[in-house]
Amino acid sequence: MALKRVLRLRIGSDFLRVRQQGRSITSRLLSLAWIPNEVGRLRIGFVVSKRISKLAVERNYIKRLLSEAIRCFLPELPSGWDIVLSARNQVTTADLDTLEQDLVNLLHRARLLDAADDIK
């Protein structure tokens, strides 16, 4: 099941703004970029380039896995941020549990999960 439309980052210029002006960190499987936004709600975008897989079917499958991996953390993430998750080469061999572990590690390193815990 895909993320709701209001939670998705869809415009190319927004992706570009997050990746160029925002902060970023990487892990073995993913790259996470984030920046505060002006709309006041959380928006998430996924990037899987053709370097990862030439087949659109495989790229879309990876995006669905990433969407499912972040779904359980949505209530814990603070609003007012744009987040871009970019897949790296080794993501093709990862399963959902591995992606979730990698993602939670990145979110803690970015202090996006910690920030939500401080607000509560």
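Residues numbered from 1 in each chain as written. Predicted model: local features only at pLDDT ≥ 70, side-chain atom pairs only at ≥ 80, totals over all residues. Heavy atoms only, no water.

A. Focus on the pairing of strand 3 (residues 43–47). Most of strand 3 sits inside the fold, with 4 of its 5 residues counted as buried. Here 5 bridges tie strand 3 to strand 4 (residues 81–87), and the two strands are oriented parallel to one another. Bridge pairing links valine 47 to serine 86 in strand 4. (Buried < 20%, exposed > 50% of the residue type's maximum accessible area, 1.4 Å probe, protein only. Helix = DSSP H or I, 4+ residues; strand = E, 2+ residues; numbered from the N terminus. Pairing = 2+ DSSP bridges.)

B. Fine view of unusual backbone geometry. The backbone of arginine 111 shows a phi angle near 60°, a positive value even though the residue is not glycine. In this fold, arginine 111 is placed in the loop between helix 3 (96–109) and helix 4 (112–119). On the accessibility criterion, arginine 111 (60% relative accessible area) is exposed.

C. Quick peek at the packing of helix 2 (residues 56–71) against helix 3. Taken N-terminus to C-terminus, the directions of helix 2 and helix 3 make an angle of 60°; their axes are 9 Å apart at the nearest point. Accordingly, the angle class assigned to the pair helix 2 and helix 3 is oblique. Our pair here, helix 2 against helix 3, has a crossing hand that is right-handed. Residues Leu65, Leu66, Glu68, Ala69 and Ile70 of helix 2 pack against Leu96, Leu99, Glu100 and Leu103 of helix 3. Classifying every residue of the contact of helix 2 with helix 3 by side-chain character gives 7 nonpolar, no polar and 2 charged. (Axes fitted to C-alpha atoms, helices over the stretch in contact; angles between N-to-C directions. Parallel < 35°, antiparallel > 145°, perpendicular 65-115°, else oblique. Left-handed = near helix turned anticlockwise from the far one by under 90°. Contact = heavy atoms within 4.5 Å. Nonpolar A, V, L, I, M, F, W, Y, C, P; charged D, E, K, R; others polar.)

D. The pattern of salt bridges, seen in detail. Scanning the model with the defined rule gives 4 salt bridges in all. Its salt-bridge partner being aspartate 82, residue arginine 17 comes within 2.3 Å of it at the nearest N-O pair. In this pair, arginine 17 sits in helix 1 (residues 12–21) while aspartate 82 sits in strand 4, placing the two residues 65 residues apart along the sequence. The buried category is assigned to arginine 17, whose relative accessible area is 17%. (Salt bridge = Lys/Arg side-chain N within 4 Å of Asp/Glu carboxyl O.)

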